[in-house]
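What the coordinates show
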Amino acid sequence: MLKGVKVLELADEKGLYCGKLLAQLGADVIKVERPGGDHTRNIGPFLQDVPHPDKSLFFWFYNTDKRGITLNLETPQGQELFKKLVGSADVLVETCPPGFLEEMSLGYEVLKGSNPGLIMVSITPFGQKGPYHNYKASELVASAMGGQAYICGEKDTFPLNPFGLQAYHLASYFGAVGAIVALLHRNMGGAGQHIDVSVQAAVAVALDHVNVKYFSENLIAKRQGSLHWSRGFRVFPCKDGHILLSMLYQWDILVQMMAQDGMAADLEDGKWQDPRIRMSELPHIIRVVEEWTRTQQTETLMERGQVLRFPWGVVNSPETLSDNPHLAARGFFMEVEHPGLGRAVKYPGSPFPPNDGSSKTARRAPHVGEDNQEVYGELGLSQEEVSDLVSQGVI
Amino acid sequence: MMARGSLEGLRVLDFTWVLAGPYCTRILADYGAEVIKVQSAVTDPSGESNLSGYFNTWNRNKRSVTLNLNRPRAQAVAKRLAALSDVVVENFSPRVMESWGLDYPVLTQANPSLVMMRMSGFGQTGPWRDYVAFGPTIQALAGLTYLTGFPGREPLGMGHSFSDHIAGLAAALAILSALEHRRGTGKGQYIDLSQLEAICPLLGPAFLDMAVNGRAQEPVGNSPMGQVAAPYGVYRCLGDDRWCAISVSSQEEWKAFCRAIGDPPWVKEPTFASPESRVKNALTLDKRVESWTKEHTPEEVMSILQEAGVPAGILQNAEDLIKKDPQLSYRGVYASLFHPQKGATFFDTTPMIFSETPAQLRRAAPLMGEDNEYVLGDILGMSGEEIAQGKRDGDFI
């Protein structure tokens, strides 16, 4: 869908997914790394657990469908080349600390001089300006400051950070959305612009009930284990794993199902017809439901529930998901060729699969500087010039 | 005078409800698109009230028209509106739009450049297409719930419907990209977005560890993933349920951390000398760190460590975010709009600051059918009498 859109990515963990999303939508994403490769190549897990810049599975996942070049921004020649690259790009995605590019005279004001239509997306922990703009963060710190970690975990113990780079994923999604909003505006006759994305703020506007409860009821949302804030959902143990169940919807049907197995205990009693009693005595319901689920198999129970329109789901692991029949039927997972490995690797697919029947695959992440000749060639540099720049340490 | 919105001139016909769909169209509305929410007291499966705080948060800047889509005349009106729209979005279970005669093949006949987004839990094809899902269901099925927890304990998962936000963002991104495609080619398209497929990739490296190394990843609590870092975690501070996150991932940060907390004797212990040994002795290290943090408020811990260049941040709750955080306040992350029945309504806005075309706050969430005259009259050219008759007949309710 974004065929012909040229994106330059100068990004660490915070913006890798932004570039990946745009690449999955068909943009030509050129990843700019420092000579020798970015530090994100040192993040595990690694192929056969051997740390190596070309064996980071983390790097593999986040950089599919991107072309890779190297550039030393700390040399004057490198800066000139960067300006040339920006000059032919529609979008620049960058995650440098605020002020870092300005110091090298590569800030937005300078870059737009050579490319007024440029859309520059800056993703930083707290934003370009303001009292915390120089504060440092990690995924954990951004997730904490955005309010996401406080509401995860058990009630009586410390907050739990969600698994994976979920704060960075939110920021990356907003960055990609912002880029295309601005691109449409520009392509319909508007100017280019700078978009300042804060990871903390991206988390803070994606908190479901948290802000709503405070504004409407003056309530501070707390963590409560796997029990959903609406108290309508909870994780239950089964014989072979865990399942996510709703407990308060379609009450009669739920009790009937449990009674068929002889495990409804006292829930058939008329007093439970009152939804207020169900809510106030929820711990009892949870105990009875749990005794029942312990006798069940996860997948069978999910099927039984879904047939009756209960929004139930098995608590899957990546292992069980890899063989999921529904995802398989939709061709979600894709095989990505890794010539060096001698075999293709199964990757999670794109949320935006092609709908023209074309095959779903991806190009593996680039090696360090793999596309230097091609990309710098497109800028008009000869093979010799590129080789010279390599030996001078610019590329 | 407010700057022109980036998406001004685009019309979105919005059949969505609850969170994922409305979050998608909220983003489009914030940047200037005209979003018309199709509602009906008769066909609404959620029973959500236009006056709830929840509804107001996700539906500001939108208009509302009431169409009882069980009635043929309301269906015909919806078709005429779709013909005059750039985008149609819906997040029902599959077959609902078909049952109203509003599926893509029908709508595209009258409007070949239409972009139609269908964003159900599992997508429009496959054995689970008719299954029912809310955010918690998707998070469980996608692996997020399993991996968010502590090793060897019951899975906990996230405390909110995170996946609804991601699904909304994914849908907005796909719609915008389809509009860019249409600008270049003149062609609209139909997009089948599965919420499950928007969430699975968020655990990408864990899937690759399975595929390449045959390793089934397990929950790790608050430990860093794929990186050597310690101290790294959430530490108890002074006060009731007050915590600060700290992450030290380089030797420079470790030295800065030690200086910042006043170089107590324990930091010189050989067990904490290298990053590897700190990770190995993380449990002991965490206790030592906490012996310092629990003497301070999280605000103090954050400011002492950040001044020294060490990443640290308060585990902020709703009150911290909305009332105390100076950075979110500086960025205008929270704002209010006047609502004709509720008075001032407050909500979160956007994490993006656009230099040219900033997000707009034009009006609070609509009352049900508040814009019937505008939509049926101004857009479709129906007379006052036709609208009144439709209401009496039960078409526009």
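Reading the values: the criteria
- Residues numbered from 1 in each chain as written.
- Chains lettered and ligands numbered in written order.
- Predicted model: local features only at pLDDT ≥ 70, side-chain atom pairs only at ≥ 80, totals over all residues.
- Heavy atoms only, no water.
- Helix = DSSP H or I, 4+ residues; strand = E, 2+ residues; numbered from the N terminus.
- Buried < 20%, exposed > 50% of the residue type's maximum accessible area, 1.4 Å probe, protein only.
- Contact = heavy atoms within 4.5 Å.
- Areas by Shrake-Rupley, 256 points an atom, 1.4 Å probe, with all protein chains shown as cover.
- Lys, Arg positive; Asp, Glu negative; His and termini not counted.
- Charge placed at Lys NZ, Arg CZ, Asp CG, Glu CD.
- Arc of directions from axis to C-beta.
- Buried area = accessible area lost by both parts, 1.4 Å probe.
- Polar contact = N/O pair within 3.5 Å; in protein donor to acceptor, adjacent residues only side chain to side chain.
- Nonpolar A, V, L, I, M, F, W, Y, C, P; charged D, E, K, R; others polar.
- Pairing = 2+ DSSP bridges.
- pLDDT = per-residue confidence, 0-100.
- Axes fitted to C-alpha atoms, helices over the stretch in contact; angles between N-to-C directions.

1. Points about the overall build of chain A
In terms of helices and strands, chain A carries 17 helices and eleven strands. For chain A, the spread of C-alpha atoms along the principal axes amounts to about 85 × 50 × 45 Å. A total of 395 residues make up chain A; the buried ones form 61% of that total. Taking all contacts inside chain A whose residues are at least 6 apart in sequence as the whole, residues at least 24 apart take part in 65%. Entry remark: accessible area of chain A is about 14,500 Å², with carbon and sulfur atoms responsible for 50%.

2. Examining the overall build of chain B
The helix and strand inventory of chain B stands at 18 helices and twelve strands. Across its three principal directions, the C-alpha atoms of chain B cover 85 × 50 × 40 Å. Looking at chain B as a whole, 61% of its 397 residues are labelled buried. A sequence separation of at least 24 residues applies to 69% of the contacts in chain B between residues at least 6 apart. Working note: accessible area of chain B is about 14,200 Å², and carbon and sulfur atoms make up 53% of it. Where the 37 positive side-chain charges of chain B centre and where its 44 negative ones centre are 1 Å apart.

3. Details of unusual backbone geometry
Omega for the peptide link from G44(A) to P45(A) comes to 0°, which places this bond in the cis form. Of note, P45(A) is situated in the loop between strand 2 (28–33) and helix 2 (57–62). At the junction of A230(B) and P231(B), the peptide bond is cis and its omega measures out at 0° in the coordinates. Tracing the chain through its elements places P231(B) in the loop between helix 10 (204–213) and strand 7 (232–236). With a phi close to 65°, D65(A) is a non-glycine residue in the positive phi region. Assignment of secondary structure puts D65(A) in the loop between helix 2 and strand 3 (66–70). Within the chain, D241(B) stands out as a residue other than glycine whose phi angle is a positive 55°. As for its position among the elements, D241(B) is in the loop between strand 7 and strand 8 (243–247).

4. Looking at the environment of A335(B)
All names here are of chain B. Secondary-structure assignment places A335 in strand 10 (residues 334–339). C-alpha of A335 to C-alpha of F346: the two residues are eleven residues apart in sequence and 5.7 Å apart in space. Ignoring anything within four residues of it in the chain, the contact list for A335 reads T345, F346, F347, T349 and L361.

5. Re helix 14 (residues 298–307) of chain B
Residues and elements named next belong to chain B. Every buried residue of helix 14 is accounted for by P298, V301, M302, L305 and Q306. Taken end-on, helix 14 shows its buried residues confined to a sector of 115°, consistent with a single buried face. Just beyond helix 14, the residue with positive phi is G309, at close to 85°.

6. Let's talk about the interface of chain B and chain A
The interface is formed by 140 residues belonging to chain B together with 137 residues belonging to chain A. Surface buried jointly by chain B and chain A totals about 12,200 Å² across both partners, of which 68% is contributed by carbon and sulfur atoms. Of all residues in chain B, the largest losses of buried area upon contact with chain A belong to L173(B), E197(B) and L208(B), amounting jointly to 6% of the total for that side. Across the chain B-chain A interface, the total number found is 46 residue pairs in polar contact (both at pLDDT 80 or more). No other element matches the 15 residues that helix 8 (residues 162–185) of chain B contributes to the side of chain B that touches chain A. Residue classes in the side of chain B that touches chain A are distributed as 77 nonpolar, 42 polar and 21 charged. Bridge count for strand 6 (residues 193–198) of chain A against strand 12 (residues 352–354) of chain B is three bridges, and the pairing is antiparallel.

7. A few points about the confidence of the model for chain B
Mean pLDDT for chain B: 95, with 98% of residues reaching 70 or above. For this predicted complex, the interface confidence score (ipTM) comes to 0.98, while the overall pTM stands at 0.98.

8. Quick notes on the sheet that holds strand 5 (residues 119–124) of chain A
Sheet strands pair by backbone hydrogen bonding; their relative direction is either parallel or antiparallel. Reading across the sheet, the seven strands line up as 3(A)-2(A)-1(A)-4(A)-5(A)-6(A)-12(B) and stay open at both edges, with mixed pairing between neighbours. Both edges of this open sheet fall to strand 3 of chain A together with strand 12 of chain B, since each of them pairs with a single strand only. If you compare each strand with its neighbour and ignore which way they point, the axes differ by 20° on average. Bridge count for strand 2 of chain A against strand 3 of chain A is five bridges, and the pairing is parallel. Within the sheet, the bridge partner assigned to K31(A) lies in strand 3 of chain A and is G68(A).

9. Some details on the pairing of strand 4 (residues 91–94) of chain A
Residues and elements named next belong to chain A. The side-chain alternation of strand 4 yields two buried faces, one formed by V91 and V93 and the other by L92 and E94. Note that strand 4 and strand 5 share four bridges and pair parallel. Bridging across to strand 5, L92 finds its partner in M120.

10. Details of the sheet that holds strand 8 (residues 241–246) of chain A
Residue and element names in this part refer to chain A. If you trace the three strands from one edge of the open sheet to the other, you get 7-8-9, paired in antiparallel fashion. Both outer strands of the open sheet, strand 7 (233–238) and strand 9 (313–314), are each paired with one neighbouring strand and no more. Helix-sheet contacts for helix 12 (residues 282–293) involve strand 7 and strand 8, and the interaxial angle to strand 7 is about 35°.

11. Observations concerning the environment of L183(A)
Within the element layout of this structure, L183(A) appears in helix 7 (residues 166–187). When its relative accessible area of 1% is taken as the criterion, L183(A) is described as buried. Sequence separation between L183(A) and I119(A) is 64 residues; the distance between their C-alpha atoms is 7.1 Å. Apart from the residues within four sequence positions on either side, L183(A) is in contact with V5(A), D90(A), I119(A) and E180(B).

12. Things to note about the side chain of D196(A)
Within the secondary structure, D196(A) is located in strand 6. Note on D196(A): relative accessible area 9%, which makes it buried. Apart from the residues lying within four places of it in its own chain, the contact partners of D196(A) are S122(A), G127(A), Q128(A), R331(B), P351(B), M352(B) and I353(B).

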